[in-house]
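Report on the structure
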There are 2 protein chains.
Amino acid sequence: MTLPDSATPGLRLAPPAVAGQPAATIDTPSLVLDLDVFERNLAQMQQAADKAGVHLRPHAKAHKCPAIALAQIARGAVGICCQKVSEALPFVQAGVTDIHISNEIAGTAKAALLAGMARHARLSVCVDDARQIGALAEAAGHAGSTIGVFVEIDVGQGRCGVADAPAALRLVQAIGAHARLEFRGLQAYHGGIQHVRDYASRRQAAADAAARTAAVVAELAEAGVACPTVTGGGSGSVEFDLASGVYTEIQPGSYIFMDADYGRNDYSGALRFEHSLFIASTVMSVAAATRPAPRVVLDAGLKSMAVDSGLPLVWGAAGPDQALAYVAANDEHGIVEPLTRAGASAASLPALGTQVLLVPGHCDPTLNLYDEIVGVRGQTVACLWPVAARGLSR
Amino acid sequence: MTLPDSATPGLRLAPPAVAGQPAATIDTPSLVLDLDVFERNLAQMQQAADKAGVHLRPHAKAHKCPAIALAQIARGAVGICCQKVSEALPFVQAGVTDIHISNEIAGTAKAALLAGMARHARLSVCVDDARQIGALAEAAGHAGSTIGVFVEIDVGQGRCGVADAPAALRLVQAIGAHARLEFRGLQAYHGGIQHVRDYASRRQAAADAAARTAAVVAELAEAGVACPTVTGGGSGSVEFDLASGVYTEIQPGSYIFMDADYGRNDYSGALRFEHSLFIASTVMSVAAATRPAPRVVLDAGLKSMAVDSGLPLVWGAAGPDQALAYVAANDEHGIVEPLTRAGASAASLPALGTQVLLVPGHCDPTLNLYDEIVGVRGQTVACLWPVAARGLSR
């Protein structure tokens, strides 16, 4: 269908930026990563895990970017998590050698790809049904590989995972019947806890989940089953998970970027991460700036950000902009109005062509919209990192 | 960063489906297009435009797929709309020769790409500020091309577009000062009208917008300015736009797919489009199917659909499923529960591994998540169409 390039000579889409270019001239909409802040976030999490003697296995579903996974591993991470089988492929190809698929899978295509990757890297996956175990064993047999298996337990979210220790034990025994499957332990993750705003309430919810996990570990031990690894935790609960003594491994993802939604949590404790990820946008219309309801229009809307967890924050020179609010996302337009507060007025609206930085409401699905991340150091573009697992949701 | 393929021999992600395969075995999550329904939608819109003597210029922001654009043009469309400059590039490369960018643009990179494409195809763009005109003229001069220019007028949305005829006239005159720019007419689009549920209210809102447009056209005519084209309208208002006598061209996009949100409009009139686009998903966990709050988990969540306009509908054998509701989207999980109504119960929940079809809440940003569309004819896969403009939001 596509004509040969010779039919349209000289026509190509330039990258959004090149190294050395001023950050203010990045073509928009683009994802921009403040590398200094990002590296502080990386270091803080690794140090916290090291101090607690717990393995850090960051979740790559948050970034889908091999360059970031390798940076995490270089600082001490034991490997990464992925949430889908296909998502893991570019990481295996980039040389990541230890990947846990923190999810159940269905279908022979997925089991076959997983078993194939397990010939090149240490791979594991979750189960919560005996039928999944049979499918994994068959695929591992065909590929001649070994697949690590975690039994997922439900610690309160009511989504995936078996309900109790007897059910977990039955799955451990089923795994043990297959030579090419290796029981590696338990996964206990509660997504709902991560976004509990109040610090004390979040700490209590994490303690409840950890207690449920500890009880299952103890019951399995009584039955003679040791859990080499107990994996779980996320960016909102990780401080408590590290201190719990229950988890041997934590799986946080979003801490590297710290989206607006996670930013609304109360962090009274030791760990506090900073916003490092921004959407660079541009004011493309000011036709309505001088009307009774003054506003300007940005070139970044629903196709440049996920809004499931709220609209983005407008970012100023040194923190959230005190004069502007992003009030509506259309498909390709973002509406910005003066913040309704004393001192804010139409005069504060940015001019046509101005670059505006936004903190995405939810980083994971926002990353999944972009093919590259523009890394900046200070006010200068430093690198362009492919989001190699973008769209790999199978 | 990526190792040579020889480092991971035999490892690749298979396409989600191949022609001839049963639709029930498509790897998931995937976008599935019912080609019979899609072709009925295409035909209905083209016939309505032909009958009214109005040009149809479908909006490619809804599909981002050259194969679909060429199918629309083959049936009589005069060209397509794109919403971003970069979005147009794969269509130019696929041989689409007439593209209107139905938006303002900011920045020299975008103007340069537009002017470059205008050497290969008939291109036009919108303006609502004199400064945009200068930037376009400069880029056209560098490229040696001619760019068509539409003056956008605000007909009630309060987003982009000048407020009145005198402001429009000033821009028409500014365009006329540049030999490489060609004034092509007015764009008058009101996105908010499209989703007014009640038929009579939507008709009235469309009539108001058309009246405002007609008034500007008349004022310009009095000033000696003819508008060769008056372009606007969307899938929700097109019936009224065609009958208005004001528009010479309509720009609907979503009619080809008919998402769940558009489906909630009341269509009492002549035009009624059918759902042709689905997300194929699979039940990946039934661990919570027998609990007090019974549910199953699908493998399609926020990274497989846009939820800004509501959650997807579960699709049954011949219409919306009467027993199941998709109640929550997590990043990579979708939660399905029995519909709360008489006769629905946990017994109606689908089994592990079952394929479940969903009608996306909002097709445009959902399409933007996928690299291909799986076309099916009856129960068999017929084609795989690249979503070549996916992610091209600059």
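Residues numbered from 1 in each chain as written. Chains lettered and ligands numbered in written order. Predicted model: local features only at pLDDT ≥ 70, side-chain atom pairs only at ≥ 80, totals over all residues. Heavy atoms only, no water.

Looking at an unreviewed UniProt entry, one finds chain A named DSD1 family PLP-dependent enzyme and attributed to Cupriavidus basilensis.

A short note on unusual backbone geometry
Trans is the prevailing form of peptide bonds, just as negative phi is the prevailing case for residues other than glycine. All names here are of chain A. That bond from T28 to P29 is cis: its omega, -5°, falls within 30 degrees of zero. By the secondary structure assignment, P29 is in the segment before β1 (30-34). Positive phi, close to 55°, is recorded for K64, a residue that is not glycine. Note on placement: K64 falls in the loop between β2 (55-56) and α2 (66-74). Unusually for a residue other than glycine, M258 sits at a positive phi of about 60°. Locating M258 in the fold gives a position in the loop between β9 (249-250) and α9 (260-263). (Helix = DSSP H or I, 4+ residues; strand = E, 2+ residues; numbered from the N terminus.)

Describing the environment of Q46(B)
All names here are of chain B. Considering the arrangement of structural elements, one finds Q46 in helix α1 (residues 35-52). Along the sequence, Q46 and A223 sit 177 residues apart, while their C-alpha atoms lie 34 Å from each other. Among all residues touching Q46, those that are not within four sequence positions of it are L56, Q72, R75, G76 and A77. (Contact = heavy atoms within 4.5 Å.)

As for the sheet that holds strand β7 (residues 181-188) of chain A
All names here are of chain A. Spatially, the 8 strands line up as an open sheet ordered β2-β9-β8-β7-β6-β5-β4-β3, and their pairing is parallel. In this open sheet, the two strands that pair with only one neighbour each are β2 and β3 (80-82). Direction of pairing for β7 relative to strand β8 (residues 229-232): parallel, over a ladder of 4 bridges. For L186, the partnering residue across the bridge sits in β8 and is V230. Its contacts with the sheet place helix α4 (residues 108-117) against β4 (98-101), β5 (122-127) and β6 (147-152), and it is angled at close to 150° to β5. Against the sheet, helix α6 (residues 165-176) makes contact with β5, β6 and β7, and its axis sits at roughly 170° relative to β6, the strand it touches most. (Pairing = 2+ DSSP bridges. Axes fitted to C-alpha atoms, helices over the stretch in contact; angles between N-to-C directions.)

A look at the layout of surface pockets
Residue and element names in this part refer to chain A. Its volume calculated, the largest pocket comes out at about 700 Å³. Along the walls of the largest pocket sit 40 residues, with G107, T108, A109, K110 and A111 positioned nearest its centre. Only α3 (85-93), α4 and α5 (130-143) provide two or more residues apiece to the lining of the largest pocket. Ranked by the residues each element gives to the lining of the largest pocket, the list is headed by α4, at 7 residues. Classifying every residue of the lining of the largest pocket gives 20 nonpolar, 14 polar and 6 charged. (1 Å grid on protein atoms, 1.4 Å probe; cavity = no way out; pocket = protein on both sides within 12 Å on 5 of 7 lines; lining within 4 Å. Points joined across faces, edges and corners; volume = space filled by probe spheres on them. Nonpolar A, V, L, I, M, F, W, Y, C, P; charged D, E, K, R; others polar.)

Looking at the relation of the copies chain A and chain B
Placing chain A over chain B gives an RMSD of 0.0 Å and needs a rotation angle of 180°, together with 0.0 Å of translation along the axis. In symmetry terms, the pair is related by a two-fold rotation axis. Taken as a fraction of all interface residues of chain A, those also at the interface in chain B reach 100%, which identifies the copy contact as same-surface. (Least-squares fit on C-alpha atoms with pLDDT ≥ 70 in both.)

Focus on the packing of helix α6 (residues 165-176) of chain B against helix α7 (residues 199-222) of chain B
Residue and element names in this part refer to chain B. Between α6 and α7, whose axes approach to 9 Å, the crossing angle comes to 55°. Comparing their axes, α7 and α6 come out oblique. Crossing of α6 over α7 shows right-handed handedness. From α6, A165, P166, A168 and L169 reach across to α7, where they touch V216, E219 and L220. (Parallel < 35°, antiparallel > 145°, perpendicular 65-115°, else oblique. Left-handed = near helix turned anticlockwise from the far one by under 90°.)

Digging into the sheet that holds strand β3 (residues 80-82) of chain B
Residue and element names in this part refer to chain B. Pairing in this open sheet of 8 strands is parallel, and the strands run β2-β9-β8-β7-β6-β5-β4-β3 from one edge to the other. The open sheet has two edge strands, β2 (55-56) and β3, and neither has a second partner. Where β2 and strand β9 (residues 249-250) come together, 2 bridges link them in parallel fashion. Bridging from a neighbouring strand, L56 pairs with I250 of β9.

Considerations on the interface of chain A and chain B
In this assembly, 83 residues from chain A lie in contact with 83 residues from chain B. Note on chain A versus chain B: buried area summed over both sides is about 6600 Å², and carbon and sulfur give 55% of it. Counting the surface chain A buries against chain B, the share from its top three residues, R159(A), K303(A) and R394(A), is 12%. Put simply, chain A and chain B have 12 salt bridges between them. (Buried area = accessible area lost by both parts, 1.4 Å probe. Salt bridge = Lys/Arg side-chain N within 4 Å of Asp/Glu carboxyl O.)

Re the pairing of strand β10 (residues 277-285) of chain A
All names here are of chain A. Burial analysis of β10 places 9 of its 9 residues in the buried class, which makes it a mostly covered element. In the sheet, β1 pairs with β10 via 4 bridges, with the strands oriented antiparallel. If you follow L33 over to β10, its bridge partner there is L277. In the sheet, β10 pairs with strand β11 (residues 296-298) via 2 bridges, with the strands oriented antiparallel. Along β11, the bridge assignment pairs S285 with V297. (Buried < 20%, exposed > 50% of the residue type's maximum accessible area, 1.4 Å probe, protein only.)

Examining the domain arrangement of chain A
Residues and elements named next belong to chain A. Along its sequence, chain A is carved into domain 1 (23-31 + 274-386) and domain 2 (36-258). Here the C-alpha centroids of domain 1 and domain 2 sit 34 Å apart. At the junction of the two partners, domain 1 supplies 14 residues and domain 2 supplies 18 residues. With both sides pooled, the region where domain 1 packs onto domain 2 buries about 1400 Å², and carbon together with sulfur makes up 51% of that total. When the area that domain 1 buries against domain 2 is broken down by residue, the three leading residues are E274, D364 and W385, summing to 39%. Put simply, R377 and D36 hold a salt bridge, and the shortest N to O gap is 2.9 Å. Between the two partners, domain 1 and domain 2, sit 9 residue pairs in polar contact (both at pLDDT 80 or more). When residues of the side of domain 1 that touches domain 2 are traced back to their parent elements, those giving at least two are α10 (363-367), β16 (372-377) and β17 (380-386). (Domains from an automatic or database assignment. Polar contact = N/O pair within 3.5 Å; in protein donor to acceptor, adjacent residues only side chain to side chain.)

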